[in-house]
Amino acid sequence: MTESPNPTDELLEVLENHHLTESINVVSLHAPTFSKALKAGQFLEIKVSDSLTPLLRRPFSIHSISGETIEIMSKRVGIGTDLIYRCKKGDRLQTLAPLGNTFGYDKNDFDTAVLISGGIGVAPMALLEETLLKLGKKVVNIIGARNASEIIEKGLSNISVATDDGSKGFKGNSVQLFSSMLPKFDGEKLRVFSCGPNPMLSALSNLCNENSIPCEVSIESTMGCGIGICYGCPIRIKSGGGFTYKLLCQYGSVIDSREILFD
Ligand code: FES
């Protein structure tokens, strides 16, 4: 996991807004100065409105990069993401990037990368997969969602699916599916990369730590500034026999599963 260069704040033009489902969309942004600097796992902060509501920026991970175009994937869950869902070609979004560290895709301790995502946690996986494949790694995707209609496979390959209601693939969550698949990976050097809701990441961290599998979790959080000013993103990091607080936007958002202490 590496640190990001200094972020810059720019108005980016919306090139396209593609609605994947009734709540999930992918926005293409023209980002000539950001695109070459952004790496898998990093995020950007968007001021979704010129008005005071919502006041704070919203964090989005980088879904893909193609030349000077970057994509973000968003799920409509509140005022800010509703505005992102409804933005139009030609709109301009005030965007701060690059932010955060990267996934440890360049580590040399693994041959097989298992990308485990839950819900909108699938957002950073396409860029991560592309990066890993270029490095010659084998990539396996495990995607979990509540039901079949919420499974997003855009940009991913070699996919196993888990749904809470069993409407597609394995009945259960992505961590349970990964646990059931572990015997298939016997003899392979694994590293797990994950993003999703905290209960899922907590269960996955426990599973990987118990099985001595290196695991990185990208934590989803409300991050109002992204640069360590608002102090709105504390996380607990193990320290000695206890823990210490760090700011997620500065320390992550990708964190080793052996370090993070979930609630
Ligand atoms: Fe403001 Fe981390 S998001 S301090």
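What this report covers is the structure whose coordinates are included nearby. (Residues numbered from 1 in each chain as written. Predicted model: local features only at pLDDT ≥ 70, side-chain atom pairs only at ≥ 80, totals over all residues. Heavy atoms only, no water.)

## Observations concerning the pairing of strand 9 (residues 159-163)
We apply this condition: Pairing between strands requires that DSSP locate at least two bridges from one strand to the other. The numbering of helices and of strands both runs from the N terminus, where a helix is a DSSP run of H or I of at least 4 residues and a strand a run of E of at least 2.
Both strand 8 (residues 138-145) and strand 9 contribute to a ladder of 5 bridges, which runs parallel. Residue pairing across strands places I142 opposite S160, the latter belonging to strand 9. In terms of strand pairing, strand 9 meets strand 10 (residues 170-171) through 2 bridges, oriented parallel. Note on strand 10: the bridge partner recorded for A162 is F170.

## Comments concerning the side chain of T163
Here is the rule we go by: Any N or O atom pair separated by 3.5 Å or less is treated as a polar contact, with the protein-specific requirement of one donor-capable and one acceptor-capable atom, and with residues adjacent in sequence counted only for side-chain atom pairs. Residue contacts are defined here by distance: any two heavy atoms, one from each residue, within 4.5 Å place the two residues in contact.
Residue placement: T163 occurs in strand 9. At 3.1 Å, the side chain of T163 and the backbone nitrogen of S167 are in polar contact. When residues no more than four places from it in sequence are discounted, the contact partners of T163 are A145, R146, N147, A148, I151, K168, F170, K171 and G172.

## Side note on the packing of helix 3 (residues 174-181) against helix 4 (residues 198-210)
Stated formally: Where helices are involved, their axes are fitted lines through C-alpha atoms of the stretch in contact, as for all axes, and angles between N-to-C directions lie from 0 to 180°. The labels follow the angle: roughly parallel below 35 degrees, roughly antiparallel above 145, roughly perpendicular from 65 to 115, and oblique for the rest. Handedness of a crossing is defined here by the sense of rotation of the near helix relative to the far one, left-handed for an anticlockwise turn of less than a right angle and right-handed for a clockwise turn.
At a closest axis distance of 9 Å, the pairing of helix 3 and helix 4 adopts a crossing angle of 20°. On the basis of the axis angle, helix 3 is roughly parallel to helix 4. Read as a crossing pair, helix 3 and helix 4 show a hand that is right-handed. The residues of helix 4 that touch helix 3, namely those facing S174, V175, F178 and S179, are M200, A203, L204, L207 and C208.

## Topic: the sheet that holds strand 11 (residues 190-196)
Sheet strands associate in pairs through backbone hydrogen bonding, adopting either a parallel or an antiparallel arrangement. Overall, mixed pairing links the 7 strands, which are arranged 10-9-8-7-11-12-15 in an open sheet. Single-partner strands in this sheet number two, and they are strand 10 and strand 15 (254-256). Sheet strands in contact with helix 4 are strand 7 (112-118), strand 11 and strand 12 (215-219), and its direction is about 165° off that of strand 11.

## Some words on the pattern of salt bridges
Test applied: Think of a salt bridge as a Lys or Arg side-chain nitrogen and an Asp or Glu carboxyl oxygen that are within 4 Å of each other. Categorising residues by exposure relies on relative accessible area from a 1.4 Å probe, with only protein chains included: less than 20% of the type maximum marks a residue as buried, more than 50% marks it as exposed, and the intermediate range marks it as partly exposed.
In total, this model carries 11 salt bridges according to the counting rule given. Across the pair R57 and D9 runs a salt bridge whose closest N-O atoms are separated by 2.6 Å. You can see R57 sitting in the loop between strand 3 (43-47) and strand 4 (58-66) and its partner D9 sitting in strand 1 (residues 8-19), a full 48 residues away along the chain. The class of R57 is buried, set by a relative accessible area of 15%. For D9, a relative accessible area of 39% corresponds to the partly exposed category.

## Describing the pairing of strand 7
Counted only if it meets this: Note on handedness: a clockwise path from strand one over the helix to strand two, with the strands aimed away from the viewer, defines a right-handed crossover.
Among the 7 residues that make up strand 7, 7 are buried, leaving the element largely enclosed by the rest of the structure. Of the two faces of strand 7, the one holding T112, V114, I116 and G118 and the one holding A113, L115 and S117 are both buried throughout. The pairing of strand 7 with strand 8 spans 7 bridges and is parallel. Looking at the pairing, I116 lines up with I142 of strand 8. Remark: the strand 7/helix 2 (residues 125-134)/strand 8 crossover connection has right-handed handedness. Here strand 7 pairs with strand 11 via 6 bridges, running parallel. Paired with I116 across the two strands is S194, which belongs to strand 11.

## Digging into the packing of aromatic side chains
Let me state the cut-off plainly: To pair, rings of Phe, Tyr and Trp, with the six-membered ring standing in for Trp, must have centres within 6.5 Å; the planes then decide the type, stacked if under 30 degrees apart, edge-to-face if over 60, and tilted in the middle.
Taken as a whole and judged by the stated rule, the model has 4 aromatic pairs. Between F103 and F193, the ring centres sit 5.8 Å apart and the planes meet at 85°, which makes this aromatic pair edge-to-face. A residue pair is termed long-range when its members are at least 10 positions apart, and F103 in the loop between strand 6 (92-99) and strand 7 and F193 in strand 11 qualify at 90 residues. Neither residue differs from the other here; F103 and F193 are each classed as buried. Measuring from ring centre to ring centre gives 5.7 Å for F110 and F193, while their planes differ by 65°; the resulting arrangement is edge-to-face. With F110 in the loop between strand 6 and strand 7 and F193 in strand 11, this residue pair connects regions lying 83 residues apart in the sequence. For the pair F110 and F193, one class covers both residues: buried. A network of ring pairs unites the aromatic residues F103, F110 and F193 as a single cluster.

Note that all results are geometric; they support no functional claim without further evidence.
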